[in-house]
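Observations on the model geometry
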Amino acid sequence: MSPASACKCPPTILNKVDFPAPEGPIIATVSPGNICIVMPLMIGSCSAEVGGSFVNNSSTKEELFNLFGDLSDTAKMAYDPEGNKEFAEVIAKFNTDWVWAEPARFAANAFVKVGEPTYLFHFDFVSEPMKERMPYGAGHGTDISYVFNTLNARWGNPETTPTDEKIAARPFPSTRTL
């Protein structure tokens with residue numbers, strides 16, 4: 001009997017949800033000793049992942065909102081309810097929702113639907129020394145050094161504040177079990 005066939009671990013989500021896999025379903029098995037690990041899914045996004053023309057080439061709020069067609073007023077209410085936000089902030093939030101937040105929510109719901117342990121997060125903390133660089137919220141990847149408490153490994157290694165240390169020292173603050 002091979003280690004893979006002897007493994008008593010439950011199959012992964014990839015066997016329960018219709019995700020395309022290039023070589024068929026994937027089951028995590030580890031050898032020697034037939035060790036199997038059941039790992040919950042933790043998925044989410046930062047509050048302002050990336051700005052600019054990452055998702056589309058709109059250059060004004062009006063152009064972006066017109067992409068929503070009949071729902072353009074709904075989009076305006078979601079992204080700029082007072083009509084006074086800079087386009088750079090609106091496009092950063094739109095990009096975040098389109099490419100990170102909504103796909104994360106979709107994937108999390110798929111995992112929950114088949115009974116897999118799932119944690120959905122939204123990370124919105126911006127360290128004081130980084131607020132000029134990230135004026136609209138936490139940029140892509142800024143959550144990592146807080147989740148793993150590796151503040152000294154951050155890109156550019158900005159100043160670490162006492163608030164940074166408090167956030168990094170506690171369990172990921174915005175995670176919730178679904």
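Note that the structure is predicted; figures quoted are calculated from it, not measured.

So, about the overall build of the protein. The helix and strand tally for the protein stands at six helices and three strands. The 178 residues of the protein split such that 31% are buried. Across the protein, contacts joining residues at least 24 apart in sequence account for 65% of those joining residues at least 6 apart. For the protein, the accessible surface area stands at approximately 11400 Å², while carbon and sulfur atoms represent 57% of it.

In this structure, A138 sits in the loop between β2 (118-123) and α5 (144-147). A138 gets classed as buried once you look at its relative accessible area, which sits at 0%. Contact partners of A138, with chain neighbours within four places excluded, come to C46, S47, A48, E49, F123, D124, F125 and V126.

In this structure, C46, F121, F123, V126, M130, M134, A138, Y146, L151, I167 and A168 together form the largest nonpolar core, which totals eleven residues. Elements with a contribution of two residues or more to this core: β2 and α6 (162-169). Setting aside residues up to four positions removed in sequence, V126 forms contacts with K131, M134, G137 and A138. Residues A75, Y79, V90 and I91 belong to the second largest nonpolar core, which totals seven residues.

Within the span of helix α3 (residues 72-79), buried status applies to S72, A75 and Y79. All buried residues of α3 lie within an arc of 55 degrees about the axis, which places them on one face of the element. Relative to its buried face, α3 has exposed residues pointing more than 90 degrees away, namely D73, T74 and M77.

Moving on, we get to the confidence of the model for the protein. Of the residues in the protein, 74% have a pLDDT of 70 or more, and the chain-wide mean is 80. Across the protein, the element-wise mean pLDDT spans from 38 in helix α1 (residues 3-6) up to 97 in α3.

Right, let's get into the side chain of S127. Examined against the element boundaries, S127 turns out to sit in the loop between β2 and α5. Overall, S127 belongs to the buried group, its relative accessible area being 3%. In terms of polar contacts, S127 uses its side chain to reach the side chain of D164, at 2.8 Å. Every residue in contact with S127, bar those within four places of it in the chain, is listed here: Y146, R154, E159, T161 and D164.

Conventions used here
Residues numbered from 1 in each chain as written. Predicted model: local features only at pLDDT ≥ 70, side-chain atom pairs only at ≥ 80, totals over all residues. Heavy atoms only, no water. Helix = DSSP H or I, 4+ residues; strand = E, 2+ residues; numbered from the N terminus. Buried < 20%, exposed > 50% of the residue type's maximum accessible area, 1.4 Å probe, protein only. Contact = heavy atoms within 4.5 Å. Areas by Shrake-Rupley, 256 points an atom, 1.4 Å probe, with all protein chains shown as cover. Core = buried A, V, L, I, M, F, W, Y, C linked by side-chain atoms within 4.5 Å. Arc of directions from axis to C-beta. pLDDT = per-residue confidence, 0-100. Polar contact = N/O pair within 3.5 Å; in protein donor to acceptor, adjacent residues only side chain to side chain.

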